[in-house]
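Listed below, chain by chain, are the residues.
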Amino acid sequence: MGLEITIGVLLFFGNIAVLALLGYKVVKFSELEEDYQNPTDFAKDMNKVFPFELGLLGVLFSLQTFNTLTGFSWLHLALFVIHSCYFGYHMKLYTDNKWKVDPAAVWGNHFKDKMKKSMFIGLAFAGSCFFLYLYNMIRVL
């Protein structure tokens, strides 16, 4: 029981860290759209954030896998499916080397649409996980 509580708390606060990274991305993207930041600085910031986000998602995925295997429930299974899809998407970006932001392509409409879509999917992922982890913490405690 103590291990489940510890993992639940770690997952909850790890998810808050993912939300913070996504919030940082949204702020930087809005600064870019409002011309407060140049594309080179934006690309540097995004290229610095992605490895941290990928590492954090990897840790959360490992913890969620362990949590699913040790205390199987429908909630754990739903969280595992959500994590495996989102972490798999980030790993595909990393292995295909498509995670790096090119400063020359920043002003294109295709890039902006792709970036907005990626951020909103990330926020939907982190937001749904936030409420599921909150429910899980209340259930465990």
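Residues numbered from 1 in each chain as written. Predicted model: local features only at pLDDT ≥ 70, side-chain atom pairs only at ≥ 80, totals over all residues. Heavy atoms only, no water.

When you look at the overall build of the protein chain in this model, what are you seeing that I'm missing?
When you go through the protein chain residue by residue, the secondary structure sums to four helices and zero strands. Mapped in sequence order, the helices and strands of the protein chain form the string α-α-α-α. Taken across its 141 residues, the protein chain has 38% of its residues classed as buried. A fraction of 81% describes how many contacts in the protein chain between residues 6 or more apart in sequence connect residues 24 or more apart. Summed over all atoms, the accessible surface of the protein chain reaches about 7900 Å², with 69% contributed by carbon and sulfur. (Helix = DSSP H or I, 4+ residues; strand = E, 2+ residues; numbered from the N terminus. Buried < 20%, exposed > 50% of the residue type's maximum accessible area, 1.4 Å probe, protein only. Contact = heavy atoms within 4.5 Å. Areas by Shrake-Rupley, 256 points an atom, 1.4 Å probe, with all protein chains shown as cover.)

What should I look at first to understand the environment of Leu77 in this one?
Tracing the chain through its elements places Leu77 in helix α3 (residues 74–95). Look at Leu77 and you get partly exposed, because its relative accessible area is 26%. Along the sequence, Leu77 and Thr65 sit 12 residues apart, while their C-alpha atoms lie 9.0 Å from each other. In contact with Leu77, other than residues within four places in its own chain, are Thr68 and Phe72.

Help me understand helix α1 (residues 2–33), please; the structure alone is not making it clear to me.
The periodicity of an α-helix, 3.6 residues per turn, causes residues three or four positions apart to be oriented the same way. In a regular helix each residue adds 1.5 Å, so 32 residues correspond to 46 Å; α1 covers 47 Å between its end C-alpha atoms and thus fits that length. Phi turns positive, to about 65°, at Asp35, one or two residues after α1. (Expected span 1.5 Å × (residues − 1).)

Help me understand the packing of α1 against helix α4 (residues 109–140), please; the structure alone is not making it clear to me.
Packed helices, taken two at a time, are described by their axes: the angle between them and the distance between them. In the contact formed by α1 and α4, the axes pass within 9 Å of each other and the chain directions differ by 155°. When the interaxial angle is binned, α1 and α4 end up roughly antiparallel. Crossing hand, α1 versus α4: left-handed. Class assignment of the residues belonging to the contact of α1 with α4 gives a composition of 21 nonpolar, five polar and six charged. (Axes fitted to C-alpha atoms, helices over the stretch in contact; angles between N-to-C directions. Parallel < 35°, antiparallel > 145°, perpendicular 65-115°, else oblique. Left-handed = near helix turned anticlockwise from the far one by under 90°. Nonpolar A, V, L, I, M, F, W, Y, C, P; charged D, E, K, R; others polar.)

Quick question: what am I supposed to make of the packing of aromatic side chains here?
The geometry of two aromatic rings is summed up by the distance between their centres and the angle between their planes. The final tally for this structure, using the stated rule, is 10 aromatic pairs. Between Tyr86 and Phe125, the ring centres sit 4.1 Å apart and the planes meet at 20°, which makes this aromatic pair stacked. Note that Tyr86 is positioned in helix α3 and Phe125 in helix α4, a separation of 39 residues in sequence. Looking at Phe125, the relative accessible area reads 6%, which means it is buried. Here the aromatic residues Phe12, Phe13, Phe130 and Phe131 are joined through ring pairs into a cluster of three or more. (Phe/Tyr/Trp six-rings, centres within 6.5 Å; stacked < 30°, edge-to-face > 60°.)

Can you walk me through the nonpolar core in this structure?
Note on soluble globular proteins: their nonpolar side chains tend to be buried together. Counting 20 residues, the largest nonpolar core has Val18, Leu57, Phe125 and Tyr133 as its most contacted members. Counting residues in each nonpolar core, the second largest holds 10 residues, with Phe29, Phe111, Met115 and Met119 among its members. (Core = buried A, V, L, I, M, F, W, Y, C linked by side-chain atoms within 4.5 Å.)

How should I be thinking about the side chain of Glu53 in this particular structure?
Along the chain, the position of Glu53 falls in helix α2 (residues 39–70). Glu53 gets classed as buried once you look at its relative accessible area, which sits at 0%.

I keep staring at a nonpolar patch on the surface and nothing clicks. Help me out?
Where nonpolar side chains cluster on the molecular surface, the patch consists of Phe131, Leu134 and Ile138 and spans about 320 Å² of accessible area. Its location among the elements puts Leu134 in helix α4. (Patch = residues over 30% accessible without salt bridge, like charges linked within 9 Å, V, L, I, M, F, W, Y side chains within 5 Å. Salt bridge = Lys/Arg side-chain N within 4 Å of Asp/Glu carboxyl O.)

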